[in-house]
Amino acid sequence: MAGNIASVLIVGGGTAGWMVAAALGHKLSGTGIAVTLVESEAIGTVGVGEATVPHIRAFNQALGFDEAAFMAATNATFKLGIEFRNWGRIGDSYIHPFGAFGQPIGGVDFHHQWIALRRSGRAEPFDHYSLPVAMARANRFAHPAADPASLASTYGYAYQFDASLYARFLRAQAEAKGVTRLEGRVVDVTQDERGHVSAVTLDDGRRLSADLFVDCSGFRGLLIEGALASGYDEWTHWLPCDRAWAVPCANVGPIGPYTRATALHAGWAWRIPLQHRAGNGHVFASGFTDEQAALDRLLGQLDAAPLAEPRQLRFTAGKRRRQWIGNTVAIGLAAGFLEPLESTSIHLIQLGIERLLDLFPTADWDPLDAAEFNRLMDLEYERVRDFIILHYAATQRDDTPFWNHVRTMSLPDSLATKMALWRARGVVVNYRQGMFLEPSWLAVYLGQNIVPDGIDPRAGAGAADAAAMLRNIASTVERLPTHESVLPRTLEAAA
Ligand code: FAD
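Note that the structure is predicted; figures quoted are calculated from it, not measured. (Residues numbered from 1 in each chain as written. Predicted model: local features only at pLDDT ≥ 70, side-chain atom pairs only at ≥ 80, totals over all residues. Heavy atoms only, no water.)

> Please provide a residue-by-residue account of the side chain of R260, values included.
Relative to the helices and strands, R260 resides in strand β14 (residues 259-264). Given a relative accessible area of 13%, R260 falls into the buried group. Reaching out from R260, the side chain makes a polar contact with the side chain of E83 at a distance of 3.0 Å. Look past the residues within four positions of R260 in its chain and what remains in contact with it is E83, R85, A269, W270 and R271. (Helix = DSSP H or I, 4+ residues; strand = E, 2+ residues; numbered from the N terminus. Buried < 20%, exposed > 50% of the residue type's maximum accessible area, 1.4 Å probe, protein only. Polar contact = N/O pair within 3.5 Å; in protein donor to acceptor, adjacent residues only side chain to side chain. Contact = heavy atoms within 4.5 Å.)

Next up, the structure:
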């Protein structure tokens, strides 16, 4: 039987590098496998990943983090979902919540009953039948109830946090578990006769060798692309946005427990409320608008004056052809990029870490490990890609060349099939895998006015039950505390 590998070198100390370091430190502590991270302060990090999805709670819990301590350290707020403004049509607004819509009525799925009610003019907007949506709109928050019979158990939540502070928090955890941090700029990568990476060389001449290399070097993909030439599957024909402006401003009014994504002329803008400020940015397609106009649009819709100079970031939607090659695994921006419309990048980092731990290599380097890792990660990236494309494909906007392009573009077969089944009969049973399950797809379809032609023939007698649901949601929300009153804060922030 092959023995353990002896050492891991993580290249890069952004959110990805420190998430990997904290997870490996936790998992490998006591095994004798040495974990080292090298990063370059001069190069810095992207540092803009601020909104997350609920799965991050499982990551934090597995590492034993205390929620209140983590939230105070990262100026975090709770997140119940994302509000989408102007996506279906200008003036529309809906929230994609982390939770269910309604409950089945008479054994018929709620969305079929809702469409029947809508046809008879008796339905409220679909997202009104969701407790987390009502909580978000009322700026209320409480942890979900444990009793599965309670309405208050029908939602999840995530966090909005300062990504640089999260990396700092993770670093402390990783170092406490024995991870060694080195400062330095990698200038060269050496490979052995098998093509495995054997060492990296730093600008001061130090040579760092290891058995396993984790490439967390960001967009450049220093090892996976620079040395190993993985290649890149580019998805810009479906996701033409390729740049972003980012700028913080002060919070104005109550701190909302949700992220906002507002569709603009040739892209969209995010607003992410943290405890101490709001993060803002505008993701745009440089083929459809110029940079200055995009910046003006972002500045024109801030809630308050900018707190810093706007920063520009450039990217290409897609993923590396192979994220694990030989003894090198890419995680984070080094592995691929999908625009942050559904806050998925940090989750893709988490998935990469989980798969790496599941398939952790032994000294014989079974090629099946890499093949399976790549198959699973390809699937996850493609699922997220399709869900993000849906937001564009499901628009009715025809007011700019950008919206005309995305409304009429051809779609990946995987998404086209899903949308055809939905339009025909409201089918969502094929949505039970991956990170976005049925309620997420329902939120976008019905929030953006894509209503199926046919529904379950049994639907139609749900008016009284649906009205009772709305009353139950309203009375539950009324009893909840405000979001701000339950935020765990640092002592200075609370003073
Ligand atoms: P980086 O932050 O780029 O870190 C790379 C690291 O590698 C740095 O430490 C750098 O110093 C080091 N490095 C690079 N080259 C060398 C070298 N030669 N030698 C030594 N070290 C080196 N994600 C979300 O989940 N939610 C969001 O809301 C979200 N919003 C985003 C908005 C925008 C506009 C963008 C671009 C991304 C967003 N993301 C979001 C993605 C998120 O920012 C990243 O997934 C996350 O920050 C991880 O980045 P990273 O660690 O892979 O790369």
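> Explain the sheet that holds strand β17 (residues 311-314) residue by residue, including any values.
Reading across from one edge, β5-β4-β14-β15-β16-β13-β17 is the order of the 7 strands in this open sheet, with mixed pairing throughout. The open sheet terminates on both sides in strands that have one partner only, identified here as β5 (93-97) and β17. Neighbour-to-neighbour, the strand axes of this sheet turn through a mean angle of 20 degrees, independent of strand direction. Of the pairings in the sheet, the one linking strand β15 (residues 267-273) to strand β16 (residues 278-284) comprises 7 bridges and is antiparallel in character. Its bridge partner being in β16, A269 is matched across the sheet by H282. (Pairing = 2+ DSSP bridges. Axes fitted to C-alpha atoms, helices over the stretch in contact; angles between N-to-C directions.)

> Before we move on, could you go through the pattern of salt bridges and cite the residues and values that matter?
Taken as a whole and judged by the stated rule, the model has 26 salt bridges. Note that E50 is salt-bridged to R277, the shortest N-O span being 3.0 Å. Note that E50 is positioned in the loop between β2 (34-39) and α2 (56-62) and R277 in the loop between β15 and β16, a separation of 227 residues in sequence. We classify R277 as buried; its relative accessible area is 14%. A salt bridge links R314 to E291; the shortest N-O distance between them is 2.9 Å. Remark: E291 occurs in helix α8 (residues 291-300) and R314 occurs in strand β17; sequence separation between them is 23 residues. Here the residues in one salt-bridge network are E83, R85, D127, R137 and R260, joined through shared partners. (Salt bridge = Lys/Arg side-chain N within 4 Å of Asp/Glu carboxyl O.)

> Give a detailed account of the UniProt feature "binding site: FAD" (unreviewed entry) in the protein chain, specifying residues and quantitative values.
With numbering aligned to this structure, UniProt lists the feature "binding site: FAD" (unreviewed entry) at G13, G14, T15, A16, V186 and L333. Among the secondary structure elements, T15 is positioned in helix α1 (residues 15-28). On the basis of relative accessibility, which here comes to 17%, the residue T15 falls in the buried class. Residues contacting T15, with those up to four places away along its chain left out, are A163, Y166, L170 and I346. Relative to the helices and strands, L333 resides in the loop between β20 (328-330) and β21 (336-337). In contact with L333, other than residues within four places in its own chain, are V46, G218 and F219. (UniProt positions renumbered as here; feature names shortened; annotations may be inferred.)

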